Each structure stands twice: as structure tokens, then as C-alpha cells.
Amino acid sequence: EFQKLLLRFGDKIENSMCRDIWLINNYSIIIATMDKHLNISTTNTYCKFNEALQALHDKYIDAELKQHLSRWIGFTSTTEQKLEQDKKTKIDMSQIESIAKEFKLNWKEKLKIAMKNIRSNFALNVDATITQQIGQDELFRNQREIKKKFLTQLLTYHKRFEDVVTKIFQNQGRNPQIQALLVPVNTMRYDIKALWDDN
């Protein structure tokens, strides 16, 4: 019943992303309270709230990624489908070069903005008494989980993009200009770790 009430309140928020952020923050406080005081983390109620929270995490992360890297993600997903239907599909090399160049130039800046958004969206503004009761660590666990999942999903998309480019090279021949624009995964991991440490 309480979950239905939250959803009804959430429905009053017109913007989809704002609604998801509001629900995530409310679910996370409920789950933090259950973890800290009620010792009911194995109950059906807890599991329902937790499942809903994880689904909202995934939805938010996907929306945040697409907000900053929509062209790169869109190309990757669309080309995967094309190659699945016909492995010999010809892909415009100039388009790949343009997308790879754009990603290489912008991904770190876009990532910083996304991390800033996550910090801002999931910094819970709650009463000091609640903070004391639940604990600072528990309150910020949700934010940490979202940041970690976001970075994992970014690396997953990067791997998918690399795989797509490899298949295109196999079909159409290797292109040195495109190859030079690809960001090595180890470079990404290093920069992501540096950004995580700063946050």
C-alpha cells in the first residue's frame, strides 16, 4: 500500500527523469531505514522495494547516459542490429570516424557532468535526526551504487562499440584513421578511477 502511495505521488511529477529521481530517493530512504532498524532485509516487502529501486537505477542510468552520449550509443545499438540481420552490411566509414572523434574529444567532460548530476540528484536533503538515526554511510550508499553502475554501463557500451568497429573492419578493411581515434579501455579505466577517487 505504501509503495502504491509513493507511485501515486510520483505520478504528479510530469518530467519522467525528475519522477524517477524522486522515487529513487524515497525508496532509498525506506530501504536504508529497513536495513538499519527493522532487520527485515529478507522480507517480501523489502525485496519488492529493493527490486523497484534497482529497476529505477537502471532506467535513470540509461537516461543519463543517453543525455550525454546519445549519438555514440544510438550508432552502437543500431549497427549491432544491422550486423545481426546481415553480417556483411556496409557501414559508412566517415560516420564511424565522426562518432569516434566526437567520443574521444568529449567523453571525459561528459562523464564529469554526469557524475556532478548524480551527486546533485542523489544528495539526500533530510532532517539531521534522520541522518543520525540511519547513518551517513547508509544515506549515501544509493548515490555510490548509482555512480558505480553508471561507470560499469559506460564501459559496457564502450566494449559494444569496439566490437561493432572490429566487425566492420573485418568486413570492410581496417581504417587507420578510425583506429587512431578509438579510446583504449585501459585509458578509460584509468581516467574513470581518477575521477572516482576525486569524488
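None of the values given here were measured: they were computed from a predicted structure.

Draft legend 1. Representation of the overall build of the protein. What the protein contains, in helices and strands, is 8 helices and 0 strands. N-terminal to C-terminal, the α/β element order of the protein is α-α-α-α-α-α-α-α. In the protein, the share of contacts with a sequence separation of at least 24, taken over all contacts with a separation of at least 6, comes to 79%. Accessible surface computed for the protein: about 11,900 Å², of which carbon and sulfur atoms make up 50%.

Draft legend 2. Here's a closer look at helix α3 (residues 44–85). For α3, built from 42 residues, the straight-helix expectation of 62 Å at 1.5 Å per residue is missed by more than 12%, its first-to-last C-alpha distance being only 42 Å. Along its length, α3 reaches its greatest deviation from straightness, about 105°, at Leu69.

Draft legend 3. Main features of a positive patch on the surface. Among the surface-exposed residues, Lys87, Lys88, Lys90 and Lys167 lie close enough to one another that they form a single positively charged patch. Take Lys88: it is sitting in the loop between α3 and α4 (93–121).

Draft legend 4. Seen up close, the pattern of salt bridges. Overall, the coordinates contain 6 salt bridges when judged by the stated rule. Residue Asp191 is joined to Lys108 by a salt bridge in which the shortest nitrogen-to-oxygen separation is 3.6 Å. Taken as a pair, Asp191 in helix α8 (residues 185–198) and Lys108 in helix α4 lie far apart in primary sequence, 83 residues in all. You can call Asp191 buried: its relative accessible area is 17%.

Draft legend 5. Local environment of the environment of Phe75. You can see Phe75 is positioned in helix α3. Sequence-wise, Phe75 and Gln95 are 20 residues apart; in three dimensions their C-alpha atoms are separated by 9.1 Å. The contacts of Phe75, once residues within four sequence positions are left out, are Ile91, Gln95, Ile96, Ile99, Phe161, Val164 and Ile168.

Draft legend 6. Seen up close, the nonpolar core. Counting 51 residues, the largest nonpolar core has Tyr60, Trp72, Leu111, Phe150 and Leu154 as the members making the most contacts within it. Going through the elements one at a time, α2 (16–38), α3, α4, α6 (136–172), α7 (176–181) and α8 are the ones with two or more residues in this core. The element contributing the most residues to this core is α3, with 13 residues. When sequence neighbours within four positions are dropped, the list of residues in contact with Trp72 reads Ile99, Phe103, Leu154, Tyr157, His158 and Phe161.

The rules behind these values
- Within each chain, residues carry numbers counting from 1 in the order of the written sequence.
- Restriction of local features to residues with pLDDT of at least 70 applies here, the model being predicted, together with a cutoff of 80 or more for giving and counting side-chain atom pairs; totals for whole chains, interfaces and linings are based on all residues.
- The side-chain quantities take in all heavy atoms of the structure and omit both hydrogens and water.
- For helices the rule is a DSSP run of H or I covering at least 4 residues; for strands it is a run of E covering at least 2, with both sets numbered from the N terminus onward.
- Here a residue-residue contact requires only that any non-hydrogen atoms of the pair lie within 4.5 Å.
- Under the convention used here, a 1.4 Å probe and the Shrake-Rupley method define accessible areas, while residue burial counts only the protein chains that appear.
- To estimate the expected span of a helix, count its residues, drop one, and scale the result by 1.5 Å.
- Note that bend, as reported per residue, equals the angle between axes fitted to the 7 residues terminating at that residue and the 7 residues originating from it.
- A residue counts toward a patch only above 30% relative accessible area and without a salt bridge, and it is joined to like-charged neighbours within 9 Å or, for Val, Leu, Ile, Met, Phe, Trp and Tyr, to nonpolar neighbours within 5 Å.
- In the sections that follow, a salt bridge refers to a side-chain nitrogen of Lys or Arg positioned within 4 Å of a carboxyl oxygen of Asp or Glu.
- Here Asp and Glu are counted as negative and Lys and Arg as positive; His is not counted, and neither are the chain ends.
- Charge positions are represented by NZ for Lys, CZ for Arg, CG for Asp and CD for Glu.
- Type-normalised accessible area, obtained with a 1.4 Å probe on protein chains alone, sets the label of each residue: buried when under 20%, exposed when over 50%, and partly exposed for intermediate values.
- To form a nonpolar core, buried Ala, Val, Leu, Ile, Met, Phe, Trp, Tyr and Cys residues must be joined to one another through side-chain atoms within 4.5 Å.

Treat this as a map of the structure, not an account of what it does.
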